[in-house]
Amino acid sequence: MSLLRTRPAAIKVLAAAAIAVAAWFLPYGLDTYGIHVINIAVVFALLAVGLGLAMGVAGQINLAQVAFFGIGSYALAIFTTNSGLGFWVSAVLAMLATALAGLFVGIPALRVQSHYLGIVTLGLALAFTNWVTNAQVAGGASGINGIPAPPAFGIDLTNEYLYYYFELIVFALAIGFALFLVRTALGRRLRAMRDDSLAAGAVGAPVPLLRMTAFLAASVYGGAAGILYAGLIHYIAPESFSVANMFLLLAMVIIGGRQSIIGCVIGAIALALVREALVDFSIYAQLGYGSVVVLMVVFAPTGLAGLPQRIRTAIRRRRHRAPGALAAFRPYEPATEESASGSLEISGISKQFRGLRALDGVTLSVEPGEIRGIVGPNGSGKTTLFNVISGIYTASGGTATFDGRQLVGRRPYQLSHQGMSRTFQNLRLFGEMTVEENLLVALDRTPMRAAWRYVVWPIGIWQHERRLRRASADLLDRFGLTDFAEAAPRSLPYGIQRRVELARAMAAEPSLLLLDEPAAGLNGQEVGQLQEIVRSIRDSGVTVVLIEHNMSLVMSLCDRVTVLASGRVIAEGTPAEVAVRPEVIEAYLGDSFSTAEVVEAVETEALP
Ligand code: ADP
Ligand code: MG
């Protein structure tokens with residue numbers, strides 16, 4: 001097994017070494033035109049990696065990449081020619097200018113949903129080309145020439161062969177950083193946001209800041225590419241940063257495989273070469289790229305980079321590899337003292353959806369260490385109540401506190417960091433990530449301000465990564481999921497997916513756990529296991545609030561039950577008290593459960 005696991009890693013290292021050697025010797029076989037084409041291709045590859053980080057990794061539509069590219073180029077050109085600054089000083093200033101532009105584009109991302117971002121970013125791209133075509137300082141339509149090559153210890157970088165090595169070093173660093181980012185905590189949060197931004201927030205990923213981070217990363221790569229480009233050709237003009245080039249970039253990323261950094265590089269280099277070969281037929285070439293992109297989106301949405309994985313999955317499916325077994329749950333250590341946190345006070349909470357009052361003055365109070373059941377017919381507002389408590393919806397009225405702190409108006413990730421965790425009625429696992437990665441996202445509790453370590457102290461990130469991996473191994477083992485660590489959640493049976501979501505909610509080490517119909521879709525044996533797990537979670541000192549339709553589970557598990565109907569609390573008490581109240585039987589139990597069934601459940605399980 002360990003041999004099987006190390007082999008792909010060894011193959012990757014060997015492949016990387018072979019590519020590095022080939023890249024080093026590549027110029028020896030090229031004439032001056034050839035090396036120029038390659039130098040341009042590397043610039044495109046850098047741009048594509050930045051676009052891939054924003055679109056493929058973080059899932060944010062970014063049509064401003066070409067503007068970031070332009071800002072880097074133009075800033076460098078203006079600083080070196082107009083202001084007479086040195087190349088390196090100008091390069092630093094150009095990077096800062098581009099990063100600022102990235103943050104600026106990210107501002108609407110703090111509030112706006114992704115599709116609108118497409119329009120915002122496209123607007124920026126158009127505004128940029130418009131501006132440079134008209135602005136005097138940017139040389140108007142004729143652009144800026146006379147941009148110097150970077151001085152480098154007396155090495156003549158006007159020589160394109162030598163410039164290639166300069167690009168190669170920048171590129172290697174950029175790729176290394178991107179791969180590091182994607183495989184560690186911050187990158188996982190970005191990917192989680194891409195897969196399900198709601199669930200990502202609920203497990204503690206600061207979604208608005210992550211969106212900004214995505215644009216910042218894209219802009220930094222765009223700026224670096226712009227600087228390399230200006231230093232390479234010494235002349236820039238608006239058409240290099242046109243929207244047509246933006247679509248070429250998109251084609252590179254989609255064809256290569258946007259979720260994979262290496263895929264973006266492959267797509268960029270391949271298309272840059274194809275573009276050069278078809279330079280005399282550019283209109284047909286545009287059509288060609290368009291068609292290939294459409295074909296890719298339909299038949300291979302993961303791009304060229306995703307093909308090996310698709311083939312592997314297809315072969316595996318044919319072989320019918322037996323799935324591993326869901327192992328037993330290993331109970332938590334019981335808490336030695338009564339826990340004092342995890343309390344919830346809800347007072348007069350309402351939630352209005354246009355004409356519909358989904359919650360109408362709900363008041364309830366959950367003590368630390370309690371298991372509270374919430375029952376009620378479909379549409380009575382149970383899930384809406386959870387969404388309000390966990391910060392996904394803002395209440396239309398009323399107040400609520402979690403451990404004494406006001407919760408209305410706070411973001412899901414902030415509540416998660418305070419110790420609230422939840423599952424969703426319809427599973428919301430991060431679909432493009434493995435089971436282990438799903439848990440790792442929730443295990444990571446670092447605040448966003450610690451992200452600066454990526455730039456100045458990557459070793460710290462790596463040490464943190466090792467701690468997270470140990471914790472995830474323990475958690476996988478506790479929930480009996482070790483065999484599925486590498487599996488894609490979608491490939492697993494429903495009951496196991498539910499177990500993964502529960503484990504993910506517990507990864508955050510919450511003091512309050514909200515479970516929305518955790519038994520839905522489970523078989524009898526799985527419901528029994530769930531009961532054992534929830535008990536153990538409570539005994540370890542966690543407060544649990546449980547929405548559930550399975551009455552015998554509610555009756556046996558909950559200390560108290562709150563009954564909702566049409567957005568109001570109609571009854572509250574111990575399971576035995578609630579079950580026999582006539583208004584409850586009428587409002588809820590009457591339709592799907594007979595009274596006799598409930599009474600039997602109460603007598604056999606709930607009452608000692
Ligand atoms: P339950 O979980 O008890 O089955 P919900 O809380 O999901 O009920 O829904 C309560 C009511 O609120 C339903 O009538 C539902 O259609 C409505 N509702 C829930 N979410 C929304 C929303 N985002 N927009 C409009 N109506 C909603
Ligand atoms: Mg519901």
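None of these values were measured; they are calculated from a predicted model.

**Q** Where do I start with a nonpolar patch on the surface in this structure?
**A** A contiguous nonpolar patch, built from I262, I266, L304, L307, I311 and I315 and spanning about 490 Å² of accessible area, is present on the exposed surface. If you list the elements that add at least two residues to the nonpolar patch, you get α11 (261-277) and α13 (303-319). Broken down by element, the residue count for the nonpolar patch peaks at four residues, all from α13. Counting through the fold element by element, L304 comes out in helix α13. According to the relative accessible area criterion, L304 is partly exposed, its value standing at 38%.

**Q** I would appreciate a short explanation of the coordination of the magnesium ion (ligand 2) in the present structure.
**A** For a metal with four tetrahedral donors the ideal donor-metal-donor angle is 109.5 degrees, whereas six octahedral donors ideally subtend 90 or 180 degrees. At the metal site, the magnesium ion (ligand 2) is ligated by T383 (OG1) and Q425 (OE1), and these contacts range over 2.0 to 2.1 Å. Placement of the pair is T383 in helix α14 (residues 382-389) and Q425 in the loop between β8 (420-422) and α16 (435-443), with a sequence separation of 42 residues. For T383, a relative accessible area of 24% puts it in the partly exposed group. With relative accessibility at 27%, the residue Q425 sits in the partly exposed group.

**Q** I would appreciate a short explanation of a positive patch on the surface in the present structure.
**A** Residues K12, R183, R312 and R316 make up a contiguous surface patch of positive charge. With respect to the secondary-structure elements, K12 resides in helix α1 (residues 2-25).

**Q** Whenever I open this one, the packing of aromatic side chains confuses me. Can you help?
**A** Remark: the centre distance and the inter-plane angle together describe each pair of aromatic rings, the angle taken between the planes. Overall, the coordinates contain 16 aromatic pairs when judged by the stated rule. Taking the centre distance of 5.3 Å and the plane angle of 80 degrees together, the rings of F353 and Y393 count as edge-to-face. Within this pair, whereas F353 is found in strand β3 (residues 344-353), its partner Y393 is found in the loop between α14 and β6 (397-402), the two being separated by 40 residues in sequence. Using a relative accessible area of 30% as the deciding quantity, one classes F353 as partly exposed. The ring of F424 has R428 sitting right over it, with the charged end atom 5.6 Å from the ring centre.

**Q** How should I be thinking about the sheet that holds strand β4 (residues 356-366) in this particular structure?
**A** Strand order in the open sheet formed by four strands is β4-β3-β6-β7, and the pairing between neighbours is antiparallel. The open sheet terminates on both sides in strands that have one partner only, identified here as β4 and β7 (405-406). With seven bridges connecting them, β3 and β4 associate as antiparallel partners. Across the sheet, the residue bridging to Q352 is R357, located in β4. Contacting β3 and β4, α14 runs over the sheet at an angle of about 115 degrees to β3.

**Q** Sorry, what's going on with the pattern of salt bridges here?
**A** Close approach of charged atoms lets side chains of opposite charge pair. Within this structure, the stated rule accounts for 18 salt bridges. The partner of R330 in a salt bridge is D477, with the nearest N and O atoms 3.0 Å apart. A residue pair is termed long-range when its members are at least 10 positions apart, and R330 in the loop between α13 and β3 and D477 in helix α18 (residues 458-478) qualify at 147 residues. Since its relative accessible area comes to 38%, D477 is described here as partly exposed. Here R357 ties to D360 by a salt bridge, and the two come within 3.2 Å at their closest N and O atoms. With relative accessibility at 21%, the residue D360 sits in the partly exposed group. Where salt bridges share partners, they join R188, E436, E465 and R469 into one cluster.

**Q** Sorry, what's going on with the layout of surface pockets here?
**A** Approximately 880 Å³ is the volume attributed to the second largest pocket. Lining the second largest pocket are 28 residues, and of these M95, F177, V220, Y221 and V455 lie nearest its centre. Counting only elements with at least two residues in the lining of the second largest pocket, the list comes to α4 (87-109), α6 (160-183), α9 (207-233) and α17 (453-456). For the lining of the second largest pocket, the element with the highest residue contribution is α9, accounting for 10 residues.

**Q** Mind showing me how you'd approach the pairing of β3 here?
**A** Every other side chain in a regular strand lies on the same face of the sheet, so the side chains alternate between the two faces. Linking β3 to β4, which pair antiparallel, is a turn of two residues; within it R354 sits at a positive phi near 40 degrees. Strand direction decides the pairing type here: β3 and β6, joined by five bridges, are antiparallel. Bridging across to β6, S350 finds its partner in G397.

Calculation rules
- Throughout this document, residue positions are counted from 1 along each chain, in the order its sequence is written.
- Note on labels: chains are lettered from A, ligands numbered from 1, in written order.
- Restriction of local features to residues with pLDDT of at least 70 applies here, the model being predicted, together with a cutoff of 80 or more for giving and counting side-chain atom pairs; totals for whole chains, interfaces and linings are based on all residues.
- To obtain the side-chain values, all non-hydrogen atoms of the structure were used and water was disregarded.
- For patches, a residue must show more than 30% relative accessible area and have no salt bridge; joins then use 9 Å for like charges and 5 Å for nonpolar side chains, namely Val, Leu, Ile, Met, Phe, Trp and Tyr.
- All accessible-area figures derive from a Shrake-Rupley calculation using a 1.4 Å probe, and residue coverage is judged against the displayed protein chains alone.
- A carboxyl oxygen of Asp or Glu within 4 Å of a side-chain nitrogen of Lys or Arg is what we treat as a salt bridge.
- Comment: elements are numbered from the N terminus, with helices defined as DSSP H or I runs of at least four residues and strands as E runs of at least two.
- The classification of residues rests on relative accessible area computed with a 1.4 Å probe and restricted to protein chains. Under 20% of the type maximum is buried, over 50% is exposed, and intermediate values are partly exposed.
- Coordinating donors are taken to be N, O and S atoms lying within 2.8 Å of the metal, or within 3.2 Å when the metal is Na, K or Ca; because water is excluded from the atom set, some sites may appear incomplete.
- His is not counted here, nor are the chain ends, while Lys and Arg score as positive and Asp and Glu score as negative.
- Every charge is mapped to an atom, namely NZ of Lys, CZ of Arg, CG of Asp or CD of Glu.
- Only Phe, Tyr and Trp rings take part, Trp by its six-membered ring, and two of them pair if their centres are within 6.5 Å. Stacked means planes under 30 degrees apart, edge-to-face means over 60, and tilted covers everything else.
- Only when the NZ of Lys or the CZ of Arg is both within 6 Å of the ring centre and within 35 degrees of the ring normal is a charge said to sit over the ring.
- Pairing between strands is defined by DSSP: at least two bridges between them are needed.
- Throughout, a residue-residue contact means that at least one pair of heavy atoms, one from each residue, lies within 4.5 Å.
- For every element, the axis is a line fit to its C-alpha atoms; helices are fit only across the contacting stretch, and the angle between N-to-C directions ranges from 0 to 180 degrees.
- Site definitions follow a grid-based scheme: protein atoms alone, a 1 Å grid, a 1.4 Å probe that fits but cannot get out for cavities, and for pockets an open set with protein on both sides within 12 Å along at least five of seven lines, plus lining residues having an atom within 4 Å of a point.
- Grid points are joined across faces, edges and corners, and a volume is the space filled by probe spheres set on the points.

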